[in-house]
Amino acid sequence: MTQIRGFWTDTDLYLLFICPYRTLNLFLPAQNDQARRGLWDRDVVEVFLGDDWENIRHYREYEIAPTADWIDLAIDLDHRGQGRGWRSGWQTTARIDETAKVWYAACRIPLKSVTEKVVKPGTRWRANLYRIDGDGPDPQRHFMCWQPTCVVNRDPNHVPENFGTLIFVK
């Protein structure tokens, strides 16, 4: 069972993923000095965050692999490819504990990378948390999420109408 822990400050959202595994499906060698496209084709955790309740098809995506490879994306499902140069300024780390068969991913996401508004207790964002695990083609892999999107014949991750709500509290 994957565990996710988080907290926030006036400037950042911090998340820790604790991911037990049987085998790891990795890109090797690691390339964590720059964004790595295609992480979703291997073991990875993903965070989807959006503050726009009028246009829910616009949000941010953050991914971390067990090797600390990462990518951050500005998603706009109505204008694909427009945010290619966007970078969030987030910080990430990851490590693999081979003895315990657990990998960890942690990140600091600047709140300003998601919103220009002040985040305070009661602020609500649309959100979903994912883990993709396993070898082989997608039908053989495990796609786990906090808020199941319950779709077939399309990408099960990018279904913002089925995201949950992240509420900031003190």
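Residues numbered from 1 in each chain as written. Predicted model: local features only at pLDDT ≥ 70, side-chain atom pairs only at ≥ 80, totals over all residues. Heavy atoms only, no water.

Comments concerning the pattern of salt bridges
Now for step 1: Evaluation of the coordinates by the stated rule reveals six salt bridges.
Now for step 2: The partner of Arg87 in a salt bridge is Asp72, and the shortest N-O contact between them spans 3.0 Å. In this pair, Arg87 is assigned in the loop between strand 5 (70-76) and strand 6 (91-97) and Asp72 in strand 5, connecting sequence segments 15 residues apart.
Now for step 3: A relative accessible area of 42% places Arg87 in the partly exposed class.
Now for step 4: Classification of Asp72 by relative accessible area gives buried; the value is 1%. (Salt bridge = Lys/Arg side-chain N within 4 Å of Asp/Glu carboxyl O. Helix = DSSP H or I, 4+ residues; strand = E, 2+ residues; numbered from the N terminus. Buried < 20%, exposed > 50% of the residue type's maximum accessible area, 1.4 Å probe, protein only.)

Notes on unusual backbone geometry
Now for step 1: In this structure, the amide linkage connecting Leu28 to the following residue, Pro29, adopts the cis form with an omega of 0°.
Now for step 2: Note that Pro29 resides in the loop between strand 2 (12-20) and strand 3 (44-50).
Now for step 3: In this structure, Ala68 is a non-glycine residue whose phi angle is positive, near 75°.
Now for step 4: One can find Ala68 in the loop between strand 4 (58-64) and strand 5.
Now for step 5: If you check the backbone angles, Lys101 has positive phi at about 55° while not being a glycine.

Details of the sheet that holds strand 2
Now for step 1: Pairing is antiparallel in the open sheet, where four strands are placed in the order 1-2-7-6. Here the strands that pair on one side only, and so sit at the sheet edges, are strand 1 (3-8) and strand 6. The sheet shows a mean angle of 10° between the axes of neighbouring strands, direction not considered.
Now for step 2: The sheet contact formed by strand 1 and strand 2 spans six bridges and is antiparallel. Note that in strand 2 the partner of Phe7 across the bridge is Tyr14. (Pairing = 2+ DSSP bridges. Axes fitted to C-alpha atoms, helices over the stretch in contact; angles between N-to-C directions.)

Considering the nonpolar core
Nonpolar side chains tend to gather and get buried jointly when the protein is soluble and globular.
Now for step 1: Counting residues in hydrophobic clusters, the biggest one holds 41 residues, and the most contacted among them are Leu13, Phe17, Val47, Leu49, Tyr62 and Ile109.
Now for step 2: Counting only elements with at least two residues in this core, the list comes to strand 2, strand 3, strand 4, strand 5, strand 7 (102-110) and strand 8 (124-133).
Now for step 3: For Leu13, the residues in contact, after removing those within four places along its chain, are Phe7, Trp8, Leu49, Cys107, Arg108, Ile109, Leu111, Leu166 and Phe168. (Core = buried A, V, L, I, M, F, W, Y, C linked by side-chain atoms within 4.5 Å. Contact = heavy atoms within 4.5 Å.)

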